[in-house]
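One letter stands for each residue in the lines below.
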Amino acid sequence: MNYHDFETEGRRLTILRILARRNQFTTNEYSLNDELKGAYAHIVSRDKLHGDLAWLEEQDLVIVQQPRIGWLITLTGRGADCAEGLANVPGVAKPRPGG
């Protein structure tokens, strides 16, 4: 695995874990990107974030709604299982023990 894939898979897992901790498992793209930058040092453009979210939605890990003011993202049951390490999805990093 190259570094780009390693970084992408880790960022996708981080997105799922952030959603798993949110009230009603939902957040908006701005809050999500702020937490990715501030708490996890994943500094990405909105286009890259949108690409990750679209990919996660294709895998049935999140539901993305696109109202005019910005994207709303909700974790699915499958996404929650992946965030906890109960499901393995190629393209998403596996959580480490105790992590």
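Whatever comes next refers back to the structure up there.
Note that the structure is a prediction, hence the values are computed from the model and not measured.

All right, on to the environment of L72 then. Among the secondary structure elements, L72 is positioned in strand β3 (residues 72-75). The exposure class of L72 is partly exposed, given its relative accessible area of 31%. In this structure the C-alpha to C-alpha distance between L72 and E35, which are 37 residues apart in sequence, comes to 15 Å. When residues no more than four places from it in sequence are discounted, the contact partners of L72 are T27, N28, I63, V64, Q65 and P67.

Another aspect to go through is the nonpolar core. Counting residues in hydrophobic clusters, the biggest one holds 23 residues, and the most contacted among them are I15, L16, L32, L53, L56, V62 and V92. For this core, the secondary structure elements donating two or more residues are α1 (3-21), α2 (29-40), α3 (46-58), β2 (62-65), β3 and α4 (77-84). With 5 residues, the top contributor of residues to this core is α1. Residues contacting L53, with those up to four places away along its chain left out, are I15, L32, V62, V64, W71 and I73.

Turning to the sheet that holds β3, a few remarks are in order. Reading across the sheet, the 3 strands line up as β1-β3-β2 and stay open at both edges, with antiparallel pairing between neighbours. Looking at which strands have only one partner, the edges of the open sheet turn out to be β1 (26-28) and β2. For this sheet, the mean angle separating the axes of adjacent strands, direction not counted, is 20°. Looking at chain direction, β1 and β3 are connected through 3 bridges and run antiparallel. Bridge pairing in β3 places N28 opposite L72. Together, β1, β2 and β3 form the strand contacts of α1, whose direction differs from that of β3 by roughly 85°.

Rules behind the numbers
Residues numbered from 1 in each chain as written. Predicted model: local features only at pLDDT ≥ 70, side-chain atom pairs only at ≥ 80, totals over all residues. Heavy atoms only, no water. Helix = DSSP H or I, 4+ residues; strand = E, 2+ residues; numbered from the N terminus. Buried < 20%, exposed > 50% of the residue type's maximum accessible area, 1.4 Å probe, protein only. Contact = heavy atoms within 4.5 Å. Core = buried A, V, L, I, M, F, W, Y, C linked by side-chain atoms within 4.5 Å. Pairing = 2+ DSSP bridges. Axes fitted to C-alpha atoms, helices over the stretch in contact; angles between N-to-C directions.

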